[in-house]
Amino acid sequence: MSTDKKKEVIGRVKLKNVRLSFADLFKPKTLKREDGSESDPKFSSNFLIDKVKAKAGEIKAIYMGKEMPVMNALKAAKIDAIAKKIGDEKAKDLKVRSNNYAVKDGDEENYDGYEGCWYVSSNNTKKPLVKGKDKRNLTESDGVVYSGCYVNAIVTLWYQAAGKKGENVVPHAVYGSLEAVQFLRDGESFGAPGVDDDDFDDLTDDDDEIGTDDTSDGDDDDDDML
């Protein structure tokens, strides 16, 4: 029996007990870039991290096989992702602008549920694994995973060096690659609530019944006017 440990991936973080938002996990969508152009279709999602709970050490993450406070894990993954390309010393001093970093401040957004949170933005052209609590694969028709529920998630931070891409100048950036999501527990769904039986009244006691009106009253003159 092999005793080899699973090889850890630089930049790969397992987020624990985070809230799912903008969950495009089953069907890829086109994303609009800052310059107005559109990307290839991608699967994507954001993961919300409550600031108060994170600062209190209540929200954890696993990075390189170790459990630690979630923001510590993300910072370590960011530095490692950069260092992989340009070395440790340069990575520590390199500045990445907030709009080019996968970890963002939810207080700067105007989305439901983002206030008081950080969030991790992630996407991938490859379909992510989507698992239930029992580790079985989930499909969209299962209706288990939705924007607003709480999940464990795996994302990989990766570094893009500044330079030119075609005719465009690209900045230093650290993006998040969406790898996997596992349902953890229910939460209040984002967006408009669904429709249910309580949205209708019981009409069985009403005097008027649909389909009982006669269109003719026996008066030929009146009928000719219809």
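This text goes with the structure placed above it.
Residues numbered from 1 in each chain as written. Predicted model: local features only at pLDDT ≥ 70, side-chain atom pairs only at ≥ 80, totals over all residues. Heavy atoms only, no water.

Student: What is the right way to look at the overall build of the protein in this model?
Tutor: Across its full length, the protein holds four helices and eleven strands. Buried residues in the protein amount to 33% of all 226 residues. Within the protein, contacts between residues separated by at least 24 positions form 68% of all contacts whose residues are at least 6 apart in sequence. Accessible surface, the protein: about 15500 Å² in total, of which carbon and sulfur atoms supply 47%. (Helix = DSSP H or I, 4+ residues; strand = E, 2+ residues; numbered from the N terminus. Buried < 20%, exposed > 50% of the residue type's maximum accessible area, 1.4 Å probe, protein only. Contact = heavy atoms within 4.5 Å. Areas by Shrake-Rupley, 256 points an atom, 1.4 Å probe, with all protein chains shown as cover.)

Student: I'm lost on the pattern of salt bridges in this one. Help?
Tutor: When their charged atoms lie close together, side chains carrying opposite charge are able to pair. Throughout the structure, instances matching the rule amount to eight salt bridges. Lys-27 is the salt-bridge partner of Glu-140, the closest N and O atoms lying 3.8 Å from each other. With Glu-140 in the loop between β7 (129-131) and β8 (150-160) and Lys-27 in strand β1 (residues 12-29), this residue pair connects regions lying 113 residues apart in the sequence. Since its relative accessible area comes to 47%, Glu-140 is described here as partly exposed. With a shortest N-O distance of 3.9 Å, Arg-136 and Asp-142 are connected by a salt bridge. You can call Arg-136 partly exposed: its relative accessible area is 41%. When salt bridges that share partners are traced, they join Lys-51, Asp-105 and Asp-107 into one network. (Salt bridge = Lys/Arg side-chain N within 4 Å of Asp/Glu carboxyl O.)

Student: For this particular structure, what's the right way to read the side chain of Ser-21?
Tutor: Mapping Ser-21 onto the fold places it in strand β1. Those residues within four positions of Ser-21 in sequence are excluded, and the remaining contacts are Ser-45, Asn-46, Leu-48, Tyr-114, Ser-147 and Phe-190.

Student: Honestly, the packing of aromatic side chains in this entry has me stumped. Any pointers?
Tutor: Each aromatic ring pair is described using two quantities: the centre-to-centre distance and the angle formed by the ring planes. Evaluation of the coordinates by the stated rule reveals five aromatic pairs. With 5.2 Å between their ring centres and 70 degrees between their planes, Tyr-111 and Tyr-114 make a pair best called edge-to-face. Residue classification places Tyr-114 among the buried residues on the basis of a relative accessible area of 1%. Centroid distance Trp-158 to Tyr-175: 5.3 Å. Interplanar angle 55 degrees. Geometry classified as tilted. Here the residue Trp-158 occupies a position in strand β8, and Tyr-175 occupies one in strand β11 (residues 173-185), the gap between them amounting to 17 residues. Between Lys-78 and the ring centre of Tyr-101, over which it is positioned, the NZ or CZ distance is 4.3 Å. (Phe/Tyr/Trp six-rings, centres within 6.5 Å; stacked < 30°, edge-to-face > 60°. Lys NZ or Arg CZ within 6 Å of the ring centre and 35° of its normal.)

Student: Where do I start with the side chain of Lys-104 in this structure?
Tutor: Take Lys-104: it is sitting in strand β5 (residues 103-105). For the buried residue Lys-104, which engages in no salt bridge, the nearest side chain bearing the opposite charge is Glu-109, 6.5 Å off. Of the polar contacts made by the side chain of Lys-104, one reaches the backbone oxygen of Ser-98; its length is 3.3 Å. Within the structure, Lys-104 has its side chain in polar contact with the backbone oxygen of Asn-99 (distance 3.4 Å). (Lys, Arg positive; Asp, Glu negative; His and termini not counted. Polar contact = N/O pair within 3.5 Å; in protein donor to acceptor, adjacent residues only side chain to side chain.)

Student: What am I meant to see in the nonpolar core here?
Tutor: It is characteristic of soluble globular proteins that their nonpolar side chains tend to be buried jointly. Residues Leu-15, Phe-47, Ile-49 and Leu-74 are the most contacted members of the largest nonpolar core, which totals 41 residues. Every element with two or more residues in this core is listed here: β1, β2 (42-50), β3 (60-63), α2 (70-86), β6 (117-124), β8 and β11. Counting five residues, the second-largest nonpolar core is a separate cluster that includes Leu-48, Tyr-114, Tyr-119 and Phe-190. (Core = buried A, V, L, I, M, F, W, Y, C linked by side-chain atoms within 4.5 Å.)

Student: Before we go on, may I ask you to explain the pairing of β8 in this structure?
Tutor: Counting buried residues in β8 gives eight out of eleven residues, a clear majority hidden from the surface. Pairing of β8 with β11 involves eleven bridges; the strand directions are antiparallel. Bridge pairing in β11 places Val-155 opposite Leu-178. (Pairing = 2+ DSSP bridges.)

Student: Help me out: how do you make sense of the environment of Ser-177 in this one?
Tutor: In this structure, Ser-177 sits in strand β11. Accessibility expressed as a relative area gives 13% for Ser-177, which makes it buried. Ignoring anything within four residues of it in the chain, the contact list for Ser-177 reads Ser-122, Asn-123, Asn-124, Ile-154, Val-155, Thr-156 and Trp-158. One polar contact links Ser-177 to Glu-179, side chain to side chain, over a distance of 3.0 Å.

Student: Is there a simple way to think about α2 in this case?
Tutor: Each α-helix winds once per 3.6 residues, and so residues spaced three or four apart point in a common direction. For α2, spanning 17 residues, the distance from its first C-alpha to its last is 25 Å, which sits close to the expected 24 Å at 1.5 Å a residue. Along α2, the residues classified as buried are Val-70, Ala-73, Leu-74, Ala-77, Lys-78, Ala-81, Ile-82 and Ala-83. (Expected span 1.5 Å × (residues − 1).)

Student: What am I meant to see in unusual backbone geometry here?
Tutor: For residues other than glycine, phi is negative in most cases, and the peptide bonds are mostly trans. Even without a glycine there, the phi angle at Met-64 is positive, about 50 degrees. Here Met-64 shows up in the loop between β3 and β4 (66-69). If you check the backbone angles, Lys-135 has positive phi at about 75 degrees while not being a glycine. Positionally, Lys-135 belongs in the loop between β7 and β8.

None of the figures reported here should be taken as evidence of function without further support.
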